[in-house]
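Results of the structural survey
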Amino acid sequence: MKIAILNGSPRKENTAAMVDAFAQGAKEAGHEVEILHVGKMKIAGCLGCEYCHTKGEGKCVQKDDLEKIMPAYLESDMIVYATPIYYFNMTAQLAAAIQRVYCIGKPAKAKKAAMLISSGSPGTGNATIESYKTMIGYIGLEDKGVFCLAGEENKSEEKLAEIRNFAKGL
Ligand SMILES: Cc1cc2nc3c(=O)[nH]c(=O)nc-3n(C[C@H](O)[C@H](O)[C@H](O)COP(=O)(O)O)c2cc1C
């Protein structure tokens, strides 16, 4: 299947290590994987102007890097949301990318989802996990797994192997 990973981290560090482990496992299983560096993109928040649902016919009035991730929203079978925790939440970049799917309502083809979270301290990703689960339920995706690493667990070979094996089993 076609898997799109939306990486909300602006850095190539802890979240990126989880993303790379996932991508490696998924590729080994024969899946097509695309990593979208949402954390480094310029994606503004939704204006709520409803242009997309009126004159725009599904197109957003704002012209920015959303155009780079729209193909993934239209064509992928699985979406993986990856993010560091910033003040008990996902990054603003990933939140904007998630909310801007509003112009088409929900990903067109995808039926599956997973989440990769990197945090400094244990338990700080709980609200993000809850939000992810509620959000994917709303857009009709099935959760295949959530990985939330904290502190020393980041970049631990054991934890990254778990993620690689999980992706290999998809
Ligand atoms: C702006 C900012 C806010 C953060 N807020 C939290 C937080 O609320 N809870 C936490 O456990 N870690 C927090 N952290 C730490 C990061 O989640 C952690 O270092 C993570 O591994 C970074 O991932 P990255 O290497 O992909 O950027 C914060 C880091 C930054 C830069």
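Look above for the structure.
So, here's what we can say about the structure. Numbering of residues starts from 1 in every chain and runs along the sequence as written. In keeping with the model being predicted, local features are shown solely for residues with a pLDDT of at least 70 and side-chain atom pairs are shown and tallied solely at 80 or more, while totals for entire chains, interfaces and linings include all residues.

Some points on the overall build of the chain
For the chain, the count of helices and strands is five helices and five strands. Secondary structure is summarised from DSSP: a helix means a run of H or I of at least four residues, a strand means a run of E of at least two, and numbering begins at the N terminus for each. Ordering the α and β elements of the chain from the N terminus gives β-α-β-α-β-α-β-α-β-α. In this treatment the radius of gyration is a C-alpha quantity, and the globule benchmark scales as 2.2 Å times the residue count to the 0.38 power. Scaling as 2.2 N^0.38, a compact globule of 170 residues should have a C-alpha radius of gyration of about 15 Å, and the chain matches this with 15 Å. Along the first, second and third principal axes, the C-alpha set of the chain runs to 50 × 35 × 25 Å. For the chain, the residues scored as buried account for 41% of the 170 residues in total. Of the contacts formed within the chain by residues at least 6 apart in sequence, a portion of 80% connects residues at least 24 apart. Residue burial is a threshold on neighbouring C-beta atoms within 10 Å of the residue's own C-beta, all placed from the backbone, with 20 or more meaning buried, 12 or fewer meaning exposed, and counts in between meaning partly exposed. Whether two residues are in contact depends on their C-beta atoms, placed from the backbone: they are in contact if these lie within 7 Å.

A word on the nonpolar core
What makes a nonpolar core is a set of buried Ala, Val, Leu, Ile, Met, Phe, Trp, Tyr and Cys residues, with links drawn between C-beta atoms within 7 Å. With 51 residues, the main nonpolar core has I5, L6, M18, F22, V80 and L116 as its most contacted residues. Looking at which element gives the most residues to this core, the answer is helix 1 (residues 14-28), with eight residues.

Some words on the site of the ligand
Taken together, 17 residues sit near the ligand, with E13, N14, T15, P84 and G120 positioned nearest. Of all the elements in the fold, those that place two or more residues in the shell around the ligand are helix 1 and strand 4 (112-119). In terms of residue count, the dominant contributor to the shell around the ligand is helix 1 (three residues). Any residue whose C-beta atom, as set from the backbone, lies within 6 Å of a molecule or strand is reported as near that molecule or strand.

Describing the sheet that holds strand 3 (residues 78-84)
Any two strands with at least two DSSP-identified bridges between them are counted as paired. Taken in spatial order, the five strands line up as 2-1-3-4-5 in an open sheet, and their pairing is parallel. A single partner strand is all that each edge strand has here, and the edge strands are strand 2 (32-36) and strand 5 (142-150). Across the sheet, the axes of successive neighbouring strands diverge by a mean angle of 15°, strand direction being ignored. One ladder, built from five bridges, connects strand 1 (residues 2-7) with strand 2; its direction is parallel. Paired with L6 across the strands is L36, a residue of strand 2. An axis is simply a line fitted to the C-alpha atoms; with a helix, the fit covers only the stretch in contact. Between two such axes, the angle follows the N-to-C directions and lies from 0 to 180 degrees. Helix 2 (residues 66-75) contacts strand 1 and strand 2 of the sheet and is inclined by roughly 145° relative to strand 2.

Description of helix 1
Expected helix span is taken as 1.5 Å per residue step, with the number of steps being one fewer than the number of residues. Its 15 residues place the ends of helix 1 22 Å apart at the C-alpha level, agreeing with the 21 Å of an ideal helix rising 1.5 Å per residue. Extensive coverage of helix 1 is indicated by the burial of 11 of its 15 residues. Summarising the contacts, the buried residues of helix 1 are in contact with strand 1, strand 2, strand 3, strand 4, strand 5 and helix 5 (157-168). Immediately downstream of helix 1, the backbone of G30 shows phi near 95°, a positive value.

Considering helix 2
If you check which residues of helix 2 are buried, you get L66, I69, A72 and Y73. The buried residues of helix 2 occupy an angular sector of 115° when projected down its axis, which confines them to one face. The outward face of helix 2, more than 90 degrees from its buried face, is lined by the exposed residues P71 and L74. Arc definition: directions from the helix axis to the C-beta atoms.

Some words on the environment of I79
With respect to the secondary-structure elements, I79 resides in strand 3. For the pair formed by I79 and L6, sequence separation is 73 residues and the distance between their alpha carbons is 7.3 Å.

Describing the pairing of strand 5
As judged from the seven bridges shared by strand 4 and strand 5, these two strands associate in the parallel manner. Paired with K112 across the strands is E142, a residue of strand 5. With the strands aimed away from the viewer, a crossover counts as right-handed if its path from the first strand over the helix to the second runs clockwise. This β-α-β element, strand 4 to helix 4 (residues 126-138) to strand 5, shows right-handed connectivity.

Considerations on the packing of helix 1 against helix 5
Two numbers describe how helix 1 lies on helix 5: the axes approach to 7 Å, and their chain directions differ by 35°. The crossing of helix 1 and helix 5 is right-handed. Between helix 1 and helix 5, the residues in contact are A17, M18, A21, F22, Q24, G25, A26 and E28 and L160, I163, R164, N165, F166, A167 and K168, respectively. Two helices crossing with the near one rotated counterclockwise from the far one by less than a right angle form a left-handed crossing, whereas a clockwise rotation gives a right-handed crossing.

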